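Okay, here's what each chain looks like letter by letter:
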Amino acid sequence: LLKEKNMKYFIYIFIAFFSIILYSKDFTFKSMGKTVRNEVTRFPDGSKFISFRHEGGFETDMAKYGIYKCHGSILYNKESTLENMYFACDNKDQNGDTYISMGKRKKGSAVDRAIGQSEILDGTGFWKDFIGFTCTYAIEYVDDVVFVPGKCKGSIN
């Protein structure tokens, strides 16, 4: 009787653990785009405020690819260290399904300035299940071209 009871608990734990794995779905993405607007307001103390817009394309390891448009603002202090950055992106995949993400870059040193996080706030079709996912990314500029690899984590609803 004790063996049978232990086996039942083992099966329940196994099923619960396996279910969590099934409903967890991380994915990676790569975006590449161009800066189409970069307006700068310079302050007398050397700090600056930047309003920007990026447009380009993305691909994921889930066989999804499409286009994106991001708008945002950045505030650098007089030492050219990031103080604040927020942005919102509208993404549309090859099937016309969309998702909206919003995020920020990390405040701090030159090393931290190229790392940030965003969250998928809303989505249609395929992307509805990814609402609430958190994405960590790195960004690299080469002139006006933007390269952004990243990884998103969350659980399927």
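Rules of the game
Residues numbered from 1 in each chain as written. Predicted model: local features only at pLDDT ≥ 70, side-chain atom pairs only at ≥ 80, totals over all residues. Heavy atoms only, no water. Core = buried A, V, L, I, M, F, W, Y, C linked by side-chain atoms within 4.5 Å. Buried < 20%, exposed > 50% of the residue type's maximum accessible area, 1.4 Å probe, protein only. Helix = DSSP H or I, 4+ residues; strand = E, 2+ residues; numbered from the N terminus. Contact = heavy atoms within 4.5 Å. Disulfide = S-S within 2.5 Å. Salt bridge = Lys/Arg side-chain N within 4 Å of Asp/Glu carboxyl O. Pairing = 2+ DSSP bridges.

Engineer: Can you help me understand the nonpolar core in this one?
Structural biologist: A general tendency of soluble globular proteins is for nonpolar side chains to be buried together. Grouped together as the largest cluster of nonpolar side chains are 25 residues, with contacts concentrated most on Phe27, Ile74, Ile120, Trp127 and Phe130. Of all elements in the fold, only strand 1 (27–42), strand 2 (48–60), strand 3 (65–76), strand 4 (82–93), strand 7 (134–138) and strand 9 (145–153) reach the threshold of two or more residues within this core. Setting aside chain neighbours within four positions, we find Phe27 in contact with Thr60, Asp61, Met62, Ile120, Trp127, Phe130, Phe133, Gly150, Lys151 and Cys152.

Engineer: What should I look at first to understand the state of the cysteines in this one?
Structural biologist: When the sulfur atoms of two cysteines share a covalent bond, that bond is a disulfide. Tallied over the full model, the rule gives two disulfides. Covalently, Cys70 is tied to Cys89 through a disulfide, its sulfur atoms 1.9 Å apart. Across the S-S bond linking Cys70 and Cys89, the dihedral sits near 110°, which makes this disulfide right-handed. Pair noted here: Cys70 is in strand 3 and Cys89 is in strand 4, with a separation of 19 residues, a long-range link. With respect to burial, Cys70 and Cys89 carry one shared label: buried.

Engineer: What should I look at first to understand the pattern of salt bridges in this one?
Structural biologist: A side chain of one charge can pair with a side chain of the opposite charge when the charged atoms of the two come close. By the definition in use, this model includes two salt bridges. Residue Glu55 is joined to Arg53 by a salt bridge in which the shortest nitrogen-to-oxygen separation is 2.5 Å. By relative accessible area, which is 28% here, Glu55 ends up partly exposed. When the shortest N-O distance is used, the salt bridge between Asp93 and Lys64 registers 3.8 Å. Here Asp93, found in strand 4, pairs with Lys64, found in the loop between strand 2 and strand 3; they are 29 residues apart in sequence, far enough to count as distant. Each member of the pair, Asp93 together with Lys64, is buried.

Engineer: Before we go on, may I ask you to explain the pairing of strand 6 (residues 115–123) in this structure?
Structural biologist: Within a regular strand, the side chains alternate between the two sheet faces. Two strands pair when backbone bridges link them, and strand 5 (residues 98–105) and strand 6 are joined in this way by seven bridges, in the antiparallel orientation. Across the sheet, the residue bridging to Lys104 is Gln117, located in strand 6. With five bridges connecting them, strand 6 and strand 7 associate as antiparallel partners. What sits directly across from Glu119, in strand 7, is Thr134.

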